[in-house]
Amino acid sequence: MKDFIKIHENDNVIVALRDLHAGERLDMGVALTVLQEIPAGHKMAVRDLAAGEDIIKYGFRIGTAREEIKSGSWVHTHNIETALGDLLEYTYEPAAEEIKSTEAAAFLGFNRPDGKVGVRNEVWIVPTVGCVNSIAAAMAKAANRMVHGSVEEVVAFPHPYGCSQMGDDQEHTRTILADLINHPNAGGVLVLGLGCENSNIGELKKYIGKYDEKRVKFLVCQEVEDEMEAGAGLLKELIDYAASFEREKISASRLIIGMKCGGSDGFSGITANPLVGRFSDILIAKGGTTILTEVPEMFGAETLLMNRCDNRELFDQTVRLINDFKQYFKDNHQTIYENPSPGNKKGGISTLEDKSLGCTQKSGSAPVKGVLSYGEQVKTPGLNLLSAPGNDLVASTALAASGAHIVLFTTGRGTPFASPVPTVKISSNTSLANKKKNWIDFNAGVLTEDAELDKMGQKLFDYVIEVASGRKVCSEEVGFHDMAIFKQGVTL
């Protein structure tokens, strides 16, 4: 294993791949003495830096020096600060190159009558309002005793919304719930209402649109004497219907994969995120679709995505995507660059630019083909950008709502959460993968141990095909299914 990595030839910092100790001498063509303890994943200056000078990592500025920094010194939050501004104007400088098509691949999935495909055959219970969350959970627990055939599980998705909301906040809740109801990973769906909520079943049907009455059933708890008994009957019908589907060979070009990171560390931008980027390029080369989200973690690296937009219209949409999210911070009187998190900093990420330049590597090198608003369904194959915050549960739910069959989630710190769809946890370092085998599905840390990115990218692609064909990820093995809606407005 190497002691450090210099990511780009123009960088004036290196990243420690192990703990570096004061007095050590590193061979960088010329000997360089480490002046102080530098934890693994953190940065060290490779030459003297003047106060106010740009700190360069990934070949781009990640901030400026607060003070003079000597060669061999630790570079982190104590001596570097963000150089980002607020709302900006951008110039379109196209730099996109099409990904060349490669040989076809396939997975074993479920063809749905509406033309969609799924990678799971579950029955979902979607509450219209938080008041019936406990009933939904109790129904799912009881109904799992009736599961048979190709049906994998009955899952409830509790949430605290659906009432006492106003304006766009309420609209977004209805849109996300409708997206989940229409998701092809669900072979059957029970929409569970209370009866007096703002987002009642009658209202929600306007958002659901045309639906298969054999696949989607509705129950208003206030309208029946025993909701558990009524729910059990409807769930039996849904389970029997979903059991009529069997896995079939389906082109990988039909796959839609969401990409997200959380609990990032100094290795994330070196291992896990570039690996997901390589996966994205492989899938897109086979005609598939990927979705990148968490807009606040594009700040500082947004021009790299803007210049990969396929045309001027997409560029303009991406500019609005970025600046509208910045305005959201300003409208709520919050600091735009209140990032990275304490865990990020402990792992070696110093500024938002540092985080964003690592985060956006999940996008690979493909052109941007679509820009989606929150809750909007993906329409265009290839790389898409989705408006959603950085919060892990909210962003992962947003990816599922936009049509992702699976979410690839990179992490340097580790997390057990799930989302409405299979959520593959990819560790940025081997230590985490070894420590949390019950959380981590795929180890990208081997990329610091001489593994090749191209080979690992193909290995991850093969693993995702297995997951799409029914292999359970860690969070599914223990029965975790989470969802969260982006709360943006007043609660009455």
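Reference entry: report on the structure contained in this document. On a predicted model such as this, the values are computed, not experimentally measured, just so you know.

Turning our attention to the overall build of the protein chain. Summing up its helical and strand segments, the protein chain has 13 helices and 23 strands in all. By its C-alpha atoms, the protein chain is 80 × 45 × 40 Å across when sized along the principal axes. In the protein chain, which comprises 492 residues, the proportion classed as buried is 57%. If you average the places of the 51 positive and of the 65 negative side-chain charges in the protein chain, the two averages end up 3 Å apart.

Within the open sheet, the three strands sit side by side as S11-S10-S16. Their pairing is antiparallel. If you trace the sheet from one side to the other, it starts and ends with strand S11 (117-118) and strand S16 (248-251), each paired once.

The subject of this paragraph is the side chain of aspartate 441. Looking at the element boundaries, aspartate 441 is found in the loop between helix H11 (430-435) and strand S23 (442-443). In this structure, aspartate 441 is buried with no salt-bridge partner, the nearest side chain bearing the opposite charge being lysine 425 at 5.9 Å. A polar side-chain atom of aspartate 441 sits 2.8 Å from the main-chain amide nitrogen of lysine 425. Within the structure, aspartate 441 has its side chain in polar contact with the backbone nitrogen of cysteine 474 (distance 2.7 Å). The contact partners of aspartate 441, leaving out residues within four places of it in the chain, are Thr423, Val424, Lys425, Tyr463, Val473 and Cys474.

So, about the sheet that holds strand S14 (residues 186-193). Pairing within the open sheet is parallel, and its four strands lie in the order S13-S12-S14-S15. The sheet terminates laterally at strand S13 (154-156) and strand S15 (216-220), the two strands that pair on one side only. Averaged over all pairs of adjacent strands, the angle between strand axes in this sheet comes to 20°, irrespective of strand direction. In terms of strand pairing, S14 meets S15 through five bridges, oriented parallel. In the sheet register, leucine 192 faces S15, and the bridge partner there is leucine 219. Here helix H3 (residues 201-208) sits on the sheet in contact with S14 and S15, set at roughly 160° to S15.

Before going further, it helps to spend a moment on the pattern of salt bridges. Scanning all chains against the criterion turns up 27 salt bridges. Taking the shortest distance from any N to any O, the salt bridge between lysine 355 and glutamate 297 comes out at 3.3 Å. Placement of lysine 355 in helix H9 (residues 352-359) and of glutamate 297 in the loop between strand S18 (289-292) and helix H6 (302-306) is noted, with a sequence separation of 58 residues between them. Judged by its relative accessible area of 7%, glutamate 297 is buried. Within this structure, Glu171, Arg174, Glu203 and Lys206 form a network of salt bridges that share partners.

Parameters and conventions
- Residues numbered from 1 in each chain as written.
- Predicted model: local features only at pLDDT ≥ 70, side-chain atom pairs only at ≥ 80, totals over all residues.
- Heavy atoms only, no water.
- Helix = DSSP H or I, 4+ residues; strand = E, 2+ residues; numbered from the N terminus.
- Buried < 20%, exposed > 50% of the residue type's maximum accessible area, 1.4 Å probe, protein only.
- Lys, Arg positive; Asp, Glu negative; His and termini not counted.
- Charge placed at Lys NZ, Arg CZ, Asp CG, Glu CD.
- Pairing = 2+ DSSP bridges.
- Salt bridge = Lys/Arg side-chain N within 4 Å of Asp/Glu carboxyl O.
- Polar contact = N/O pair within 3.5 Å; in protein donor to acceptor, adjacent residues only side chain to side chain.
- Contact = heavy atoms within 4.5 Å.
- Axes fitted to C-alpha atoms, helices over the stretch in contact; angles between N-to-C directions.

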